[in-house]
Amino acid sequence: MSETKRIKTALVSVYHKEGLDEIITKLHEEGVEFFSTGGTRRFIESLGFPCRAVEDLTSYPSILGGRVKTLHPKIFGGILCRRSDGQDMLQTEKYEIPEIDLVIVDLYPFEATVASGADEAAIIEKIDIGGISLIRAAAKNYNDVVIVASQHQYKPLLDMLMEHGATSTLEERRWMAKEAFAVSSHYDSAIFNYFDSEEGSAFRCTANDQKMLRYGENPHQRGYFYGNLEGMFDQIHGKEISYNNLLDINAAVELIDEFEDTTFAVLKHNNACGLASRPTVLEAWKDALAGDPVSAYGGVLITNAVIDKDTAEEINRIFFEVIIAPDYDVAALETLGQKKNRIILVRKEAKLPKKQFRSLLNGVLVQERDLNIETVADLKVVTGKEPAPDEVEDMLFANKIVKNSKSNAIVLAKGKQLLSSGVGQTSRVDALKQAIGKAKSFGFSLQGAVMASDAFFPFSDCVEIADREGVTAVIQPGGSIRDDLTINYCNEHGIAMVITGIRHFKH
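Presented here is an overview of the structure given in this document. This is a predicted model, so every value here is computed, not measured.

The rules behind each value
- Residues numbered from 1 in each chain as written.
- Predicted model: local features only at pLDDT ≥ 70, side-chain atom pairs only at ≥ 80, totals over all residues.
- Heavy atoms only, no water.
- Helix = DSSP H or I, 4+ residues; strand = E, 2+ residues; numbered from the N terminus.
- Rg over C-alpha atoms; globule rule 2.2 N^0.38 Å.
- Buried < 20%, exposed > 50% of the residue type's maximum accessible area, 1.4 Å probe, protein only.
- Contact = heavy atoms within 4.5 Å.
- Axes fitted to C-alpha atoms, helices over the stretch in contact; angles between N-to-C directions.
- Parallel < 35°, antiparallel > 145°, perpendicular 65-115°, else oblique.
- Left-handed = near helix turned anticlockwise from the far one by under 90°.
- Nonpolar A, V, L, I, M, F, W, Y, C, P; charged D, E, K, R; others polar.
- Patch = residues over 30% accessible without salt bridge, like charges linked within 9 Å, V, L, I, M, F, W, Y side chains within 5 Å.
- Areas by Shrake-Rupley, 256 points an atom, 1.4 Å probe, with all protein chains shown as cover.
- Salt bridge = Lys/Arg side-chain N within 4 Å of Asp/Glu carboxyl O.
- Pairing = 2+ DSSP bridges.
- Phe/Tyr/Trp six-rings, centres within 6.5 Å; stacked < 30°, edge-to-face > 60°.

**Side note on the overall build of the protein**
The secondary structure content of the protein amounts to 18 helices and 23 strands. A compact globule built from 507 residues would reach a C-alpha radius of gyration of about 23 Å, whereas the protein, at 31 Å, exceeds it by more than 25%. Viewed in the frame of its principal axes, the protein has a C-alpha envelope of about 95 × 50 × 40 Å. Taking all 507 residues of the protein together, 48% fall into the buried category. Contacts in the protein between residues at least 24 apart in sequence constitute 56% of all its contacts with a sequence separation of at least 6.

**Description of the packing of helix H9 (residues 154-164) against helix H10 (residues 170-196)**
A packed helix pair is summarised by two numbers, namely the angle formed by the two axes and the spacing between the axes. Where H9 contacts H10, the two axes come as close as 12 Å, and the packing angle between them is 170 degrees. Taken together, the axes of H9 and H10 lie roughly antiparallel to each other. Across the interface between the two elements, Pro156, Leu157, Met160 and His164 from H9 touch Glu172, Trp175 and Met176 from H10.

**Brief notes about unusual backbone geometry**
Residue Asn408 is reached from Ser407 by a cis peptide bond, and omega for that bond is -10 degrees. Here Asn408 is to be found in the loop between helix H15 (389-403) and strand S19 (410-413). Phi is positive for Ser197, close to 55 degrees, though the residue is something other than glycine. Structurally, Ser197 can be placed in the loop between H10 and strand S8 (210-212). The exposure class assigned to Ser197 is partly exposed, which follows from its relative accessible area of 48%. A positive phi angle, near 50 degrees, is found at Leu361, a position not held by glycine. Assignment of secondary structure puts Leu361 in the loop between strand S16 (355-360) and strand S17 (363-368).

**Brief notes about the packing of helix H8 (residues 130-140) against H10**
Running from N to C, H8 and H10 point in directions that differ by 150 degrees, and their axes come no closer than 9 Å. As far as their axial angle goes, H10 and H8 are roughly antiparallel. With respect to the hand of their crossing, H8 and H10 are arranged in left-handed fashion. Touching Ile132, Ile135, Arg136, Ala139 and Lys140 of H8 are Ala177, Ala180, Phe181, Ser184 and Tyr187, all from H10. When its residues are assigned to classes, the contact of H8 with H10 shows seven nonpolar, one polar and two charged.

**Some details on a nonpolar patch on the surface**
Judged by side-chain polarity, Phe203, Phe357, Val364 and Val366 come together as a nonpolar surface patch covering roughly 340 Å² of accessible area. Tracing the backbone shows Val366 in strand S17. Since its relative accessible area comes to 44%, Val366 is described here as partly exposed.

**Re the sheet that holds strand S22 (residues 473-476)**
The strand order across the open sheet formed by six strands is S18-S23-S22-S21-S19-S20, and the pairing between neighbours is mixed. Of all the strands in the sheet, the pair left with one neighbour each is strand S18 (380-381) and strand S20 (418-422). Most of the contacts of H15 go to strand S21 (residues 450-453), to which it runs at about 35 degrees, and overall it touches S19, S20, S21, S22 and strand S23 (496-499). Contacts from helix H18 (residues 483-493) reach S22 and S23 within the one sheet, and its direction differs from that of S23 by about 150 degrees.

**Digging into the pattern of salt bridges**
Applying the stated criterion across every chain, the model contains 26 salt bridges. Ionic pairing is found between Arg6 and Glu30, a salt bridge with its closest N-O pair at 3.3 Å. Taken together, the residues span a long stretch of sequence, with Arg6 in strand S1 (residues 5-6) and Glu30 in the loop between helix H1 (20-29) and strand S3 (33-36) at a distance of 24 residues. Lys155 is the partner of Asp159 in a salt bridge, and the nearest nitrogen-oxygen pair spans 2.9 Å. Here Asp159 pairs with Lys155, and both are found in helix H9, just four residues apart, close to one helical turn.

**Some details on the pairing of S16**
Bridging between S16 and S17 involves six bridges; their strand directions are antiparallel. Its bridge partner lying in S17, Leu360 is registered against Gly363. Hairpin remark: S16 followed by S17, antiparallel, with two residues in the connecting loop; positive phi at Leu361, about 50 degrees.

**Here's the deal with the sheet that holds strand S4 (residues 52-53)**
Taken together, five strands build an open sheet; the order of strands is S4-S3-S2-S5-S6 and the sheet is parallel. Because the sheet does not close on itself, it has two edges, and the strands there are S4 and strand S6 (146-148). Here S3 runs beside S4; their pairing, made up of two bridges, is parallel. Residue Phe35 lies in a different strand from S4, and its bridge partner there is Arg52. Those strands touched by H1 are strand S2 (9-13), S3 and strand S5 (102-105), and its axis lies near 160 degrees from that of S5.

**Describing the packing of aromatic side chains**
Within the structure shown, the criterion is met by nine aromatic pairs. Ring geometry for Phe110 versus Tyr194: centroids 5.8 Å apart, planes at 85 degrees, classification edge-to-face. Linking Phe110 in helix H6 (residues 110-115) with Tyr194 in helix H10, this pair joins segments that are 84 residues apart in sequence. Residue Phe110 is classed as buried on the basis of its relative accessible area, which comes to 2%. Tyr194 gets classed as partly exposed once you look at its relative accessible area, which sits at 22%. Consider the rings of Tyr297 and Phe319, whose centres lie 5.0 Å apart with planes at 45 degrees: the pair is tilted.

Here is the structure:
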């Protein structure tokens, strides 16, 4: 079996024709004969090249409103016949089946139709039958046939034709087949997920656009990102984004999306080490940094406001890995771009998936994304003392941060500023002690501060410790069988407590 094959015939039937003209022109120059259907045949002929109609080959017209065009033995026989198999070749000769050496086909835009909000009848009509069958047949017979299964593969095909004419190597055909099966598997997964809706009867998730990272969490681990990162950010400066950068960036985006006021956050290892909401972005940055200027070193910065020159000059005083904002003034970019490795991202309007998943043991864990953002209406005051309006504001502020912190987590805040947090601890008491120690180390007074917890207090010990430091209001989910003990302590010591009824564990 010869590894190099000559392309003598091509079946072309595509939905997307942009970029196809160069390929058709080159194939014609190489003496390739074309077979096609409907609009694609008219497109080829409009370029001035002859094209044989599939209907003439099969002796059947396109029927059932276009549902059946290429599903015929004379088409699939020409694709699937094994050129090295004598019996196959005798049968193709007997039944006058022409060999088809190249298949260029794409699929109806099923996902785009679903996303458009079309009705079910329109969606069903965009389930491709002939195209997917052609892709699978040609990919299966990659020993003899070249398959181009999407517009994304037009360029590799054209590059191949320009390099060595209408011939292909086994390595090239096998690569094209692999890409084709990626297209077909993604397409079928999208159809399954549409029909499965919210049932979750099976896990089917595919992502294209592989991005090889420098390494995984550690240098000895390989790392990859699959997905359209460019759909979320424009990277306008800096080195290649790493695996750990992406984890922090994801945490930063989830956190900043909780806030409507002008807010700046500093993150390290997926947790906020500084955050403040202020009237201006410069004030927000200064007070966010003040929360923990030590941990900010090498951190990820994010804001929901445009960064101006003055803010950029202040930010430029410290070393950090990544900065994310909806936009930057020109002068701000000139300042921030002074460090060549600094990653500068412009965030785009892009929806995040509603579900999250991770590999675990020999399977996959799936859950809905935690999209709940508590408001005043969700707060239930359980103490005799009502929290003051500024305490309510601070509690909601702190609750957003603790929701996005690794459990066990405690957040201490005042005046819409993160004073400190204790995160990732095996006990809630340890988390609180960590938070108190950090706040004191940076000169913060906890008099009049609020405390937020990501889960209920099983005992009153945390509230007692916080009381001794001057905390005057507490927000927590509640739900412990000992809630009464904690509430009684608050009533006896003049602390306001509200319960949300919503726990925010995060691992």
